[in-house]
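Each chain, written out:
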Amino acid sequence: MRNTKEWYFFIDQLVQNKKRLYFYLERKFYSPDDALITGIKAILAEDYSRSLSKNINHAHRKRQETGSNVILTSKTWGFDKVNKQIVINDKEAEMIRFIYEMAAQNNGSRVIAKMLQENGYYNHEGNKIAEQTVRRIVRNPLYKGTAVMNILHKNFETKRTERNSKDQWIYHDHIVPEIVSEELWNKANKLMDARSNVFVTEDFKAKIIGSKKNSNPLTTKIVCGLCGSTFWRCTSVAGKTNKVYWSCKEYVQRGRKTKNNRSPKHKEESKYERTNAGCDNIHLKEGDLDKLIYDLSQKINTKSIEDISSAASAILKQVISDTSEIEQQEKSFTSKLEKMISNREILLDKYLDNKIEDDIYHMKDTKLKERIAELEDACNKLAAKKNSISEEKGRIEELEKIIKVITDYDISVVNMKSHIKKIVVYPDYMIFHFDIFGDVRVEVKKINYRKNEYRICL
């Protein structure tokens, strides 16, 4: 054993479990008298192991400085190793070049991943190639013939494989066959950099995140009723105009679950079978969705305003009544609490003046403390209930204001979106869950591939 801590832990476990350790080389059982000598041996063994680890890391670095052995992992696309020589995998190299060409046209990793699927490229398991895989391929300099070595090392103290700082990385240019030119590689990475922000984390690692910030109020609120995934806000370029729509995340990443006549014809079928993944739910145009939300506001305004107003008034009266009752209870509990605190102070004064005995004082003091704790807990519960009622009152008052100003399109849409808790989407209907308006069902009728018709059911 070459770790002193583990050795002592091992011996401690043996003793606790009443087991004995026999040394075959020394032909005797371990005893407490051997603790010192075995501890020294464990320290020497650990030091030897530490020195050996340093030598191994040094040998790895020296070998990597020569560039004699380029290691390909299972996640490396585009290359094969034949007789210790790295050669290009023509089929995968075709996909690599396609990725770089699309990246050089300023397409993001999500768009490229979808293009790969449409053109018949899948991963080794037969599924859609992930966006992370696309980004990793674009960032890898191996495809322009440059191998980066000495990125990782084994830390003896932490027993983990850790990342070296960039100034310790070793670059070997033109050490493997080029799949893309250096100019194409630089252009694709430059455009990817322009769409990303680089920041340093707390552990001093550079991390790249997308520069786009989600500010849409419906983000994460639209949910697929078929598979349970959230809907993503997507943009498609048609001519000179950009069309914005919402689609199920499972569809965006994996396509349709059931193939139809409009499904793209793959240029070449994958050698792997596809898994039964994807989603068949409908898409929602953002313009249609905003119009539907506006129509909802008008329906509520014109057909339900009286019911909502009367209900709001009734609730408001009840809220005022509950508030008055709580205030009376709070006043009563506060008065009792002040009296109990005063009684305890009087009890303490009598005890200090030696007017009552110790056992009587402690008995009465304990009862007073218990009663004070009960009253304080009751006061806290009333205060929490009062705050809850106050918030409910604020929501009702806000509702009355909203009902009065629902006329302008933009204001109506923004106001209604702020009150949407969730939208569950199915192919033939949707359920809008509001925080104050309740639930509303919307029937969906498919006119054609690009157009849906919506009917509000109130």
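These figures come from a predicted structure and were not determined experimentally.

Participant: An account of the overall build of the protein is needed here, citing residue identities and associated values.
Facilitator: Across its full length, the protein carries eleven helices and 18 strands. Counting only residues that meet the buried cut, the protein has 34% of its 458 residues in that class. At a minimum sequence separation of 6, the contacts of the protein that also span at least 24 residues come to 59%. For the protein, the exposed surface amounts to about 29,900 Å²; the carbon and sulfur share of it is 51%.

Participant: Help me get a handle on the sheet that holds strand β17 (residues 439-446), residues and values and all.
Facilitator: With mixed pairing, five strands are arranged side by side in an open sheet as β11-β15-β16-β17-β18. Where the open sheet ends on each side, the last strands, each with one partner, are β11 (222-224) and β18 (452-457). Sheet twist, expressed as the average angle between the axes of neighbouring strands with direction ignored, equals 25 degrees. Where strand β15 (residues 420-425) lies against strand β16 (residues 429-434), five bridges are found, and the strand directions are antiparallel. Residue pairing across strands places Ile 420 opposite Phe 434, the latter belonging to β16.

Participant: Which residues make up the nonpolar core, and what values do they have?
Facilitator: Counting residues in each nonpolar core, the largest one holds 31 residues, and the members touching the most others are Met 95, Tyr 100, Leu 116 and Tyr 143. Looking at which element gives the most residues to this core, the answer is helix α3 (residues 90-104), with eight residues. Once residues within four sequence positions are removed from consideration, Met 95 is found in contact with Trp 77, Leu 116, Tyr 121, Ile 129 and Ile 137. Among the nonpolar cores identified, the runner-up in size contains 29 residues, and Phe 231, Leu 296, Met 416 and Phe 432 belong to it.

Participant: Pulling in residues and values, what's your account of the packing of helix α4 (residues 109-118) against helix α5 (residues 131-139)?
Facilitator: Taken N-terminus to C-terminus, the directions of α4 and α5 make an angle of 105 degrees; their axes are 8 Å apart at the nearest point. By the criterion of interaxial angle, the relationship of α4 to α5 is roughly perpendicular. Listed contacts from α5 to Ser 109, Arg 110, Ile 112, Ala 113 and Leu 116 of α4 are Glu 131, Val 134 and Arg 135. In terms of residue class, the contact of α4 with α5 is built from four nonpolar, one polar and three charged.

Participant: Before we move on, could you go through the pairing of strand β6 (residues 152-155) and cite the residues and values that matter?
Facilitator: Bridge count for β6 against strand β7 (residues 160-163) is four bridges, and the pairing is antiparallel. Following the sheet pairing, His 153 is matched in β7 by Glu 162.

Participant: So what about helix α2 (residues 35-66)? Which residues, and what values?
Facilitator: The terminal C-alpha atoms of α2, which comprises 32 residues, lie 47 Å apart, in line with the 46 Å expected from a rise of 1.5 Å per residue. Those residues of α2 not exposed but buried are Thr 38, Gly 39, Ala 42, Glu 46, Ser 49, Ser 53 and Gln 64. Taken together, the buried residues of α2 touch α1 (4-16), β1 (22-23), β5 (147-149), β6 and β8 (170-172).

Participant: I'd like a description of the environment of Gln 253, backed by residues and values.
Facilitator: Along the chain, Gln 253 turns up in helix α7 (residues 249-254). Using a relative accessible area of 26% as the deciding quantity, one classes Gln 253 as partly exposed.

Participant: Residues and numbers for the layout of surface pockets, please.
Facilitator: Put simply, the second largest pocket is a space of about 300 Å³. The wall of the second largest pocket is formed by 13 residues, among which Trp 7, Phe 23, Glu 26, Thr 38 and Lys 41 lie closest to the centre. Among the elements that line the lining of the second largest pocket, the one with the most residues is α2, at five residues. By residue class, the composition of the lining of the second largest pocket is nine nonpolar, one polar and three charged.

Participant: Go over the pairing of β18 with me, naming the residues and quoting the values.
Facilitator: On a regular strand, one side chain projects to one face of the sheet and the next to the other, so that they alternate. When β17 meets β18, the two strands line up antiparallel, connected through six bridges. In the sheet register, Val 442 faces β18, and the bridge partner there is Ile 456. Where β17 hands over to β18, the hairpin turn is made up of five residues, counted between the paired strands.

Participant: Please set out the pattern of salt bridges residue by residue, giving values where relevant.
Facilitator: Applying the stated criterion across every chain, the model contains 14 salt bridges. Between Glu 46 and Arg 50 there is a salt bridge whose closest N-O contact spans 3.1 Å. Taken together, the positions of Glu 46 and Arg 50, both in helix α2 and four residues apart, correspond to about one turn of that helix. Glu 46 gets classed as buried once you look at its relative accessible area, which sits at 16%. Of the charged contacts, one joins Asp 365 and Arg 344 as a salt bridge, the two residues approaching to 2.7 Å between their closest N and O atoms. One end of the pair, Asp 365, is in helix α10 (residues 358-405); the other, Arg 344, is in helix α9 (residues 305-352), and 21 residues separate them in sequence. By relative accessible area, Asp 365 is classed as buried at 9%. Residue classification places Arg 344 among the partly exposed residues on the basis of a relative accessible area of 30%.

Participant: Pulling in residues and values, what's your account of a negative patch on the surface?
Facilitator: Side chains of Asp 173, Glu 178, Glu 182 and Glu 183 sit close together on the surface and give a patch of like negative charge. Tracing the backbone through its elements, the reader meets Glu 182 in helix α6 (residues 182-194).

Participant: Lay out α6 in plain terms, naming residues and giving numbers.
Facilitator: The end-to-end C-alpha distance of α6, which contains 13 residues, comes to 18 Å, matching closely the 18 Å that a straight helix rising 1.5 Å per residue would cover. Among all positions in α6, only Trp 185, Ala 188, Asn 189 and Met 192 are buried. The arc that holds the buried residues of α6, viewed along the axis, is 95 degrees, so those residues lie on one side. Opposite its buried face, α6 presents the exposed residues Glu 183, Lys 190 and Ala 194, each directed more than 90 degrees away.

Participant: Could you give an account of unusual backbone geometry, naming the residues involved and the relevant values?
Facilitator: Positive phi outside glycine occurs at Lys 18, with the angle close to 55 degrees. We classify Lys 18 as exposed; its relative accessible area is 77%.

Participant: Got a sec to walk through the packing of α1 against α2? Specific residues and values, please.
Facilitator: Across the interface, α1 lies against α2 with an axial gap of 8 Å and an inter-helix angle of 145 degrees. Seen along the crossing, α1 lies across α2 with a hand that is right-handed. Contacts between α1 and α2 involve Thr 4, Trp 7 and Tyr 8 from the former and Ala 35, Thr 38, Gly 39, Ala 42, Ile 43 and Glu 46 from the latter. Here the residues of the contact of α1 with α2 sort into five nonpolar, three polar and one charged.

What counts, and where the lines are drawn
- Residues numbered from 1 in each chain as written.
- Predicted model: local features only at pLDDT ≥ 70, side-chain atom pairs only at ≥ 80, totals over all residues.
- Heavy atoms only, no water.
- Helix = DSSP H or I, 4+ residues; strand = E, 2+ residues; numbered from the N terminus.
- Buried < 20%, exposed > 50% of the residue type's maximum accessible area, 1.4 Å probe, protein only.
- Contact = heavy atoms within 4.5 Å.
- Areas by Shrake-Rupley, 256 points an atom, 1.4 Å probe, with all protein chains shown as cover.
- Pairing = 2+ DSSP bridges.
- Axes fitted to C-alpha atoms, helices over the stretch in contact; angles between N-to-C directions.
- Core = buried A, V, L, I, M, F, W, Y, C linked by side-chain atoms within 4.5 Å.
- Parallel < 35°, antiparallel > 145°, perpendicular 65-115°, else oblique.
- Nonpolar A, V, L, I, M, F, W, Y, C, P; charged D, E, K, R; others polar.
- Expected span 1.5 Å × (residues − 1).
- 1 Å grid on protein atoms, 1.4 Å probe; cavity = no way out; pocket = protein on both sides within 12 Å on 5 of 7 lines; lining within 4 Å.
- Points joined across faces, edges and corners; volume = space filled by probe spheres on them.
- Salt bridge = Lys/Arg side-chain N within 4 Å of Asp/Glu carboxyl O.
- Patch = residues over 30% accessible without salt bridge, like charges linked within 9 Å, V, L, I, M, F, W, Y side chains within 5 Å.
- Lys, Arg positive; Asp, Glu negative; His and termini not counted.
- Charge placed at Lys NZ, Arg CZ, Asp CG, Glu CD.
- Arc of directions from axis to C-beta.
- Left-handed = near helix turned anticlockwise from the far one by under 90°.

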